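Each chain, written out:
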Amino acid sequence: MTTSVTHVPDGTAYAVPAARLRFRSLSRSFGSHAVLQDIDLVVEPGELVAILGASGSGKSTLLRIAGGLDVASGGDVLIDDDPIRGIDPRIAIGFQEPRLLPWRSVAQNIALGLPRGLPRAERDARIDGLLGLIGLTDFAHHRPRQISGGMAQRTSLARALARRPGVLLLDEPFGALDALTRLRMQDLLLSVLAEAPTTTLLVTHDVDEAVQLADRIIVLGADDDAPGAGIQQLLTVPGDRPRDRGSAELAEMRARLLGALGIDRHAH
Ligand SMILES: Nc1ncnc2c1ncn2[C@@H]1O[C@H](COP(=O)(O)OP(=O)(O)OP(=O)(O)O)[C@@H](O)[C@H]1O
Ligand SMILES: [Mg+2]
């Protein structure tokens, strides 16, 4: 199921399809510094792909290019077979910090993500729906300084989803949260995506998080024969979500990913 059906006030329903995101021979250099080299990847509609890689391996650069915040040196990014040029309304980005406007309420911050020109009733209905989705209905009128870090990050997620993007790009969205809030946010993200299917690219440093959330995981890294980072590993995570954190199959995948990241817990 890759479409969510939304009822507008006049009673008609329309489908918002999750989009297919494709990186085609994508490269990025800064001067003589090759960061990304020949990235080829198709993220299927409604799929969640996690991106792992050492610090500096180009994860944020890849996301920023997809989000139109940076430009490729070679190759391109396509959304539903259509090359993107700059910031595209079908794509939304969320960052490690929630980036909320402090003088606006939770509801008003979410509203910033809505398309312009919506009829008032539709606008209010969408904000109410999003507040419900992230469990902040009772905090609609609070300012960012009156809510917790996890709540702020939920607000930021709702703002990103407000436009009903086909693609959601998340750059370490839970990286600044404490461990327990982080686990709650992971569950919340899965339930939000089940309600509003959206193709998602999730950058994370956390191997457990990748294994818990992703359909597939890529590891970015450099090879000896290529200057920039390429896709070093592409793994499909077994089993349906929510996944049993204790399963042996996932433990094996975690060990493999840590190995690919150069962290070998059994090194002699
Ligand atoms: N605008 C820029 N100008 C010059 N170099 C840049 C620029 N943006 C990124 N880089 C370089 O590209 C490389 C990859 O950076 P990027 O931020 O994508 O890494 P990352 O994988 O997201 O790292 P981290 O895990 O620390 O967030 C780094 O060496 C960085 O210095
Ligand atoms: Mg980064």
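A short tour of the structure in this document, coming up. Given the structure is predicted, the values throughout are model-derived calculations rather than measurements.

Let us look at the overall build of the protein. Along the backbone of the protein there are seven helices and 12 strands. Taken against the 2.2 N^0.38 rule, which gives 18 Å for 268 residues, the C-alpha radius of gyration of the protein at 19 Å falls within 12% of a compact globule. In terms of overall dimensions, the protein has C-alpha extents of about 60 × 40 × 35 Å along its principal axes. Here the protein holds 268 residues, and the buried ones make up 47% of them. Carbon and sulfur atoms provide 50% of the accessible area of the protein, an area that totals close to 13200 Å². Across the protein, the mean location of the 29 positive side-chain charges is 8 Å away from that of the 33 negative side-chain charges.

Turning our eyes to something else, we now look at the pairing of strand β12 (residues 229-236). Each regular strand shows side chains that alternate between the opposite faces of the sheet. In the sheet, strand β11 (residues 216-222) pairs with β12 via seven bridges, with the strands oriented antiparallel. Bridge pairing links Ile 217 to Leu 235 in β12. As consecutive antiparallel partners, β11 and β12 are separated by six residues.

As a matter of local geometry, ligand 1 sits amid 13 residues, with Ser 55, Gly 56, Lys 59, Ser 60 and Thr 61 nearest to it. Within the contact set of ligand 1, an oxygen atom lies 2.5 Å away from a side-chain nitrogen or oxygen of Ser 55. Here an oxygen atom of ligand 1 sits 2.7 Å away from a polar atom, N or O, in the side chain of Lys 59. Coverage of ligand 1 by the protein amounts to 58% of the 630 Å² it exposes when considered alone. Elements that contribute at least two residues to the shell around ligand 1 include exactly β4 (33-43) and α1 (59-66). When residues of the shell around ligand 1 are assigned to their parent elements, the largest contribution, three residues, is made by α1. Classifying every residue of the shell around ligand 1 gives three nonpolar, eight polar and two charged.

So, how was this worked out
- Residues numbered from 1 in each chain as written.
- Chains lettered and ligands numbered in written order.
- Predicted model: local features only at pLDDT ≥ 70, side-chain atom pairs only at ≥ 80, totals over all residues.
- Heavy atoms only, no water.
- Helix = DSSP H or I, 4+ residues; strand = E, 2+ residues; numbered from the N terminus.
- Rg over C-alpha atoms; globule rule 2.2 N^0.38 Å.
- Buried < 20%, exposed > 50% of the residue type's maximum accessible area, 1.4 Å probe, protein only.
- Areas by Shrake-Rupley, 256 points an atom, 1.4 Å probe, with all protein chains shown as cover.
- Lys, Arg positive; Asp, Glu negative; His and termini not counted.
- Charge placed at Lys NZ, Arg CZ, Asp CG, Glu CD.
- Pairing = 2+ DSSP bridges.
- Near = heavy atom within 4 Å.
- Polar contact = N/O pair within 3.5 Å; in protein donor to acceptor, adjacent residues only side chain to side chain.
- Nonpolar A, V, L, I, M, F, W, Y, C, P; charged D, E, K, R; others polar.

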